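Survey of secondary and tertiary structure
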Amino acid sequence: GEDVEQSLFLSVREGDSSVINCTYTDSSSTYLYWYKQEPGAGLQLLTYIFSNMDMKQDQRLTVLLNKKDKHLSLRIADTQTGDSAIYFCAESMGNDYKLSFGAGTTVTVRA
Amino acid sequence: KAGVTQTPRYLIKTRGQQVTLSCSPISGHRSVSWYQQTPGQGLQFLFEYFSETQRNKGNFPGRFSGRQFSNSRSEMNVSTLELGDSALYLCASSRTSGGLDTQYFGPGTRLTVL
(Lines give C-alpha, C1' and ligand atoms only; values in the text may rest on other atoms or scores of the structure.)
Protein backbone atom coordinates (compact mmCIF):
# COMPACT_ATOMS: atom_id res chain seq x y z
CA GLY A 1 0.00 0.00 0.00
CA GLU A 2 2.60 2.62 -0.92
CA ASP A 3 -0.13 5.02 -2.03
CA VAL A 4 -1.98 4.95 1.29
CA GLU A 5 -0.33 6.15 4.47
CA GLN A 6 -1.35 5.77 8.10
CA SER A 7 0.26 6.44 11.43
CA LEU A 8 1.36 3.14 12.96
CA PHE A 9 0.23 3.41 16.57
CA LEU A 10 -2.47 5.04 18.66
CA SER A 11 -3.03 4.70 22.39
CA VAL A 12 -6.33 5.86 23.84
CA ARG A 13 -8.02 5.71 27.22
CA GLU A 14 -11.23 3.72 27.54
CA GLY A 15 -14.24 5.99 27.09
CA ASP A 16 -12.34 8.59 25.09
CA SER A 17 -12.67 9.13 21.35
CA SER A 18 -10.12 7.66 18.94
CA VAL A 19 -9.21 9.33 15.69
CA ILE A 20 -7.29 7.36 13.09
CA ASN A 21 -5.95 9.24 10.10
CA CYS A 22 -5.10 8.17 6.59
CA THR A 23 -3.84 9.93 3.48
CA TYR A 24 -4.14 8.63 -0.03
CA THR A 25 -2.69 9.83 -3.29
CA ASP A 26 -5.04 8.71 -6.04
CA SER A 27 -7.68 11.34 -6.69
CA SER A 28 -9.63 8.87 -8.82
CA SER A 29 -10.39 6.67 -5.83
CA THR A 30 -13.99 5.56 -5.92
CA TYR A 31 -14.53 4.09 -2.49
CA LEU A 32 -12.53 4.46 0.71
CA TYR A 33 -12.81 1.81 3.38
CA TRP A 34 -11.97 1.15 6.99
CA TYR A 35 -11.26 -2.42 8.02
CA LYS A 36 -10.52 -3.81 11.47
CA GLN A 37 -8.25 -6.78 12.14
CA GLU A 38 -8.08 -8.48 15.51
CA PRO A 39 -5.20 -10.81 16.40
CA GLY A 40 -5.27 -14.01 14.37
CA ALA A 41 -8.32 -12.95 12.41
CA GLY A 42 -9.17 -11.73 8.92
CA LEU A 43 -10.35 -8.25 8.02
CA GLN A 44 -13.70 -7.02 9.23
CA LEU A 45 -15.32 -4.28 7.19
CA LEU A 46 -16.21 -1.42 9.53
CA THR A 47 -17.47 1.23 7.19
CA TYR A 48 -16.87 2.84 3.82
CA ILE A 49 -17.47 6.14 2.13
CA PHE A 50 -18.05 6.97 -1.50
CA SER A 51 -15.71 9.57 -2.89
CA ASN A 52 -18.46 12.13 -3.48
CA MET A 53 -19.36 12.21 0.22
CA ASP A 54 -17.77 14.29 2.96
CA MET A 55 -18.98 12.47 6.02
CA LYS A 56 -20.65 9.26 7.04
CA GLN A 57 -21.83 8.30 10.51
CA ASP A 58 -22.62 4.77 11.63
CA GLN A 59 -23.34 4.37 15.35
CA ARG A 60 -20.02 5.02 17.15
CA LEU A 61 -18.11 5.45 13.90
CA THR A 62 -17.72 8.69 11.97
CA VAL A 63 -15.79 8.87 8.72
CA LEU A 64 -14.61 12.21 7.39
CA LEU A 65 -13.27 12.65 3.88
CA ASN A 66 -11.35 15.71 2.74
CA LYS A 67 -10.90 15.23 -0.99
CA LYS A 68 -8.85 18.37 -1.45
CA ASP A 69 -6.19 17.15 0.97
CA LYS A 70 -6.80 13.45 0.17
CA HIS A 71 -7.30 12.85 3.86
CA LEU A 72 -9.56 10.26 5.43
CA SER A 73 -10.24 9.83 9.13
CA LEU A 74 -12.13 7.39 11.32
CA ARG A 75 -13.46 8.56 14.67
CA ILE A 76 -14.54 5.96 17.22
CA ALA A 77 -16.64 7.45 19.99
CA ASP A 78 -16.57 6.02 23.52
CA THR A 79 -13.68 3.68 22.74
CA GLN A 80 -13.92 0.28 24.43
CA THR A 81 -11.33 -2.42 25.14
CA GLY A 82 -12.89 -4.47 22.34
CA ASP A 83 -11.84 -1.75 19.91
CA SER A 84 -8.18 -2.68 20.41
CA ALA A 85 -7.08 -3.93 17.00
CA ILE A 86 -5.29 -2.92 13.81
CA TYR A 87 -7.26 -0.56 11.60
CA PHE A 88 -6.61 -0.40 7.89
CA CYS A 89 -7.77 2.22 5.47
CA ALA A 90 -8.05 1.16 1.85
CA GLU A 91 -8.97 2.70 -1.46
CA SER A 92 -10.39 1.25 -4.63
CA MET A 93 -10.73 2.73 -8.07
CA GLY A 94 -13.62 2.04 -10.37
CA ASN A 95 -11.56 0.63 -13.23
CA ASP A 96 -8.98 -1.17 -11.13
CA TYR A 97 -10.67 -3.53 -8.82
CA LYS A 98 -7.91 -4.18 -6.32
CA LEU A 99 -7.90 -2.60 -2.90
CA SER A 100 -4.78 -0.66 -1.92
CA PHE A 101 -4.20 -0.76 1.82
CA GLY A 102 -2.31 1.36 4.26
CA ALA A 103 0.13 -0.28 6.66
CA GLY A 104 -2.46 -0.29 9.45
CA THR A 105 -2.78 1.62 12.71
CA THR A 106 -2.49 -0.43 15.90
CA VAL A 107 -4.97 0.97 18.41
CA THR A 108 -4.42 0.12 22.05
CA VAL A 109 -7.17 0.94 24.52
CA ARG A 110 -5.97 1.36 28.09
CA ALA A 111 -8.17 1.27 31.17
CA LYS B 1 -25.95 -15.52 5.66
CA ALA B 2 -22.65 -17.40 6.04
CA GLY B 3 -19.48 -15.38 5.57
CA VAL B 4 -16.44 -16.06 3.45
CA THR B 5 -14.80 -19.34 4.41
CA GLN B 6 -11.22 -20.36 3.79
CA THR B 7 -9.59 -23.74 4.14
CA PRO B 8 -7.32 -24.81 5.60
CA ARG B 9 -6.84 -22.23 8.34
CA TYR B 10 -3.23 -23.22 8.99
CA LEU B 11 -0.67 -24.92 6.81
CA ILE B 12 2.98 -25.81 7.20
CA LYS B 13 5.04 -26.66 4.12
CA THR B 14 8.71 -26.93 3.24
CA ARG B 15 10.63 -25.06 0.57
CA GLY B 16 10.08 -26.36 -2.92
CA GLN B 17 6.67 -27.83 -2.22
CA GLN B 18 3.44 -26.51 -3.66
CA VAL B 19 0.25 -25.58 -1.88
CA THR B 20 -3.41 -25.04 -2.76
CA LEU B 21 -5.68 -22.80 -0.72
CA SER B 22 -9.44 -22.69 -1.03
CA CYS B 23 -12.00 -19.92 -0.65
CA SER B 24 -15.79 -20.13 -0.64
CA PRO B 25 -17.44 -16.73 -1.14
CA ILE B 26 -20.61 -15.45 0.41
CA SER B 27 -23.63 -16.93 -1.32
CA GLY B 28 -24.54 -14.84 -4.35
CA HIS B 29 -21.11 -13.22 -4.61
CA ARG B 30 -19.41 -13.79 -7.93
CA SER B 31 -16.11 -11.99 -7.42
CA VAL B 32 -13.25 -13.41 -5.38
CA SER B 33 -10.01 -11.58 -4.68
CA TRP B 34 -6.87 -12.84 -2.99
CA TYR B 35 -4.45 -10.85 -0.84
CA GLN B 36 -1.17 -11.68 0.85
CA GLN B 37 -0.43 -10.17 4.25
CA THR B 38 3.09 -10.12 5.66
CA PRO B 39 4.65 -8.00 8.41
CA GLY B 40 7.11 -6.47 5.97
CA GLN B 41 4.95 -5.79 2.93
CA GLY B 42 1.53 -5.41 4.52
CA LEU B 43 -1.52 -6.31 2.49
CA GLN B 44 -0.87 -6.86 -1.18
CA PHE B 45 -3.30 -7.73 -3.91
CA LEU B 46 -2.68 -11.03 -5.70
CA PHE B 47 -5.54 -11.42 -8.19
CA GLU B 48 -9.27 -11.20 -8.69
CA TYR B 49 -11.65 -13.63 -10.37
CA PHE B 50 -15.12 -12.94 -11.64
CA SER B 51 -17.28 -15.48 -13.45
CA GLU B 52 -14.34 -17.88 -13.71
CA THR B 53 -12.13 -15.28 -15.41
CA GLN B 54 -9.11 -13.54 -13.95
CA ARG B 55 -9.94 -9.83 -14.14
CA ASN B 56 -6.96 -8.25 -12.42
CA LYS B 57 -3.54 -9.35 -11.25
CA GLY B 58 -1.03 -7.91 -8.81
CA ASN B 59 2.74 -7.90 -9.03
CA PHE B 60 3.52 -11.44 -8.00
CA PRO B 61 5.63 -14.04 -9.81
CA GLY B 62 4.07 -16.72 -11.96
CA ARG B 63 4.43 -19.23 -9.12
CA PHE B 64 1.24 -17.71 -7.78
CA SER B 65 -1.83 -18.76 -9.71
CA GLY B 66 -5.52 -19.14 -9.14
CA ARG B 67 -8.78 -20.23 -10.61
CA GLN B 68 -12.48 -19.92 -10.01
CA PHE B 69 -15.13 -22.54 -10.45
CA SER B 70 -18.65 -22.21 -11.78
CA ASN B 71 -20.03 -22.07 -8.22
CA SER B 72 -17.73 -19.05 -7.58
CA ARG B 73 -15.46 -20.97 -5.22
CA SER B 74 -11.84 -20.13 -5.83
CA GLU B 75 -8.48 -21.74 -5.27
CA MET B 76 -5.04 -20.26 -5.31
CA ASN B 77 -1.90 -22.27 -5.86
CA VAL B 78 1.68 -21.46 -5.01
CA SER B 79 4.34 -23.66 -6.58
CA THR B 80 7.99 -24.07 -5.58
CA LEU B 81 7.45 -22.49 -2.20
CA GLU B 82 10.02 -20.07 -0.82
CA LEU B 83 10.56 -18.97 2.77
CA GLY B 84 9.25 -15.52 1.84
CA ASP B 85 5.89 -16.99 0.91
CA SER B 86 5.11 -17.43 4.60
CA ALA B 87 2.13 -15.16 5.12
CA LEU B 88 -1.53 -14.86 5.90
CA TYR B 89 -3.48 -15.33 2.68
CA LEU B 90 -6.81 -13.58 2.70
CA CYS B 91 -9.67 -14.08 0.34
CA ALA B 92 -12.43 -11.51 -0.19
CA SER B 93 -15.72 -11.77 -2.03
CA SER B 94 -18.13 -9.24 -3.45
CA ARG B 95 -21.28 -9.35 -5.52
CA THR B 96 -19.79 -7.74 -8.58
CA SER B 97 -16.45 -6.79 -10.02
CA GLY B 98 -14.99 -3.47 -11.01
CA GLY B 99 -14.24 -1.65 -7.74
CA LEU B 100 -17.79 -0.50 -7.09
CA ASP B 101 -18.79 -3.13 -4.61
CA THR B 102 -17.73 -3.83 -1.05
CA GLN B 103 -15.34 -6.68 -0.41
CA TYR B 104 -15.88 -8.99 2.57
CA PHE B 105 -12.92 -10.92 3.87
CA GLY B 106 -12.51 -14.44 5.16
CA PRO B 107 -10.43 -15.37 8.24
CA GLY B 108 -7.40 -16.23 6.14
CA THR B 109 -5.05 -19.17 5.75
CA ARG B 110 -1.81 -18.90 7.68
CA LEU B 111 0.94 -20.49 5.57
CA THR B 112 4.30 -21.22 7.12
CA VAL B 113 7.15 -22.31 4.85
CA LEU B 114 10.07 -24.03 6.58
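Residues numbered from 1 in each chain as written. Chains lettered and ligands numbered in written order. Predicted model: local features only at pLDDT ≥ 70, side-chain atom pairs only at ≥ 80, totals over all residues. Heavy atoms only, no water.

1. Notes on the overall build of chain B
Scanning chain B for helices and strands turns up 0 helices and 11 strands. Ordered by position from the N terminus, the helices and strands of chain B form the series β-β-β-β-β-β-β-β-β-β-β. Expected size for 114 residues packed as a compact globule is a radius of gyration near 13 Å; at 13 Å, chain B falls within 12% of this value. Among the 114 residues that make up chain B, the fraction classed as buried is 53%. In chain B, once contacts between residues fewer than 6 apart in sequence are set aside, the share between residues at least 24 apart is 55%. (Helix = DSSP H or I, 4+ residues; strand = E, 2+ residues; numbered from the N terminus. Rg over C-alpha atoms; globule rule 2.2 N^0.38 Å. Buried < 20%, exposed > 50% of the residue type's maximum accessible area, 1.4 Å probe, protein only. Contact = heavy atoms within 4.5 Å.)

2. Some remarks on the confidence of the model for chain A
Looking at chain A as a whole, its pLDDT mean stands at 90, while 95% of the residues score no less than 70. Mean pLDDT values for the elements of chain A range from 79 in strand 10 (residues 96-101) of chain A up to 97 in strand 2 (residues 9-13) of chain A. (pLDDT = per-residue confidence, 0-100.)

3. Things to note about the environment of Leu72(A)
One can find Leu72(A) in strand 8 (residues 71-76). Setting aside its immediate chain neighbours within four residues, Leu72(A) contacts Ile20(A), Asn21(A), Cys22(A), Leu32(A), Tyr33(A), Trp34(A), Ile49(A), Val63(A), Leu64(A), Leu65(A) and Cys89(A).

4. Some thoughts on the interface of chain A and chain B
Between chain A and chain B, the residue contacts involve 22 residues of the former and 24 residues of the latter. The interface formed by chain A and chain B holds 0 salt bridges in total. Where chain A packs against chain B, one counts 4 residue pairs in polar contact (both at pLDDT 80 or more). Where the side of chain A that touches chain B is concerned, the elements lending two or more residues are strand 4 (29-37), strand 5 (43-50), strand 9 (85-93) and strand 10 of chain A. (Salt bridge = Lys/Arg side-chain N within 4 Å of Asp/Glu carboxyl O. Polar contact = N/O pair within 3.5 Å; in protein donor to acceptor, adjacent residues only side chain to side chain.)

5. Observations concerning the pattern of salt bridges
Within this structure, the stated rule accounts for 8 salt bridges over all chains. Among the ionic pairs, Asp69(A) bridges to Lys68(A), the shortest N-O distance being 3.6 Å. Residue classification places Lys68(A) among the exposed residues on the basis of a relative accessible area of 74%. Among the salt bridges present, the one from Glu75(B) reaches Arg67(B), with a minimum N-O distance of 3.3 Å. Residue Arg67(B) is classed as partly exposed on the basis of its relative accessible area of 47%. Residues participating in the shared-partner salt-bridge network are Arg63(B), Glu82(B) and Asp85(B).

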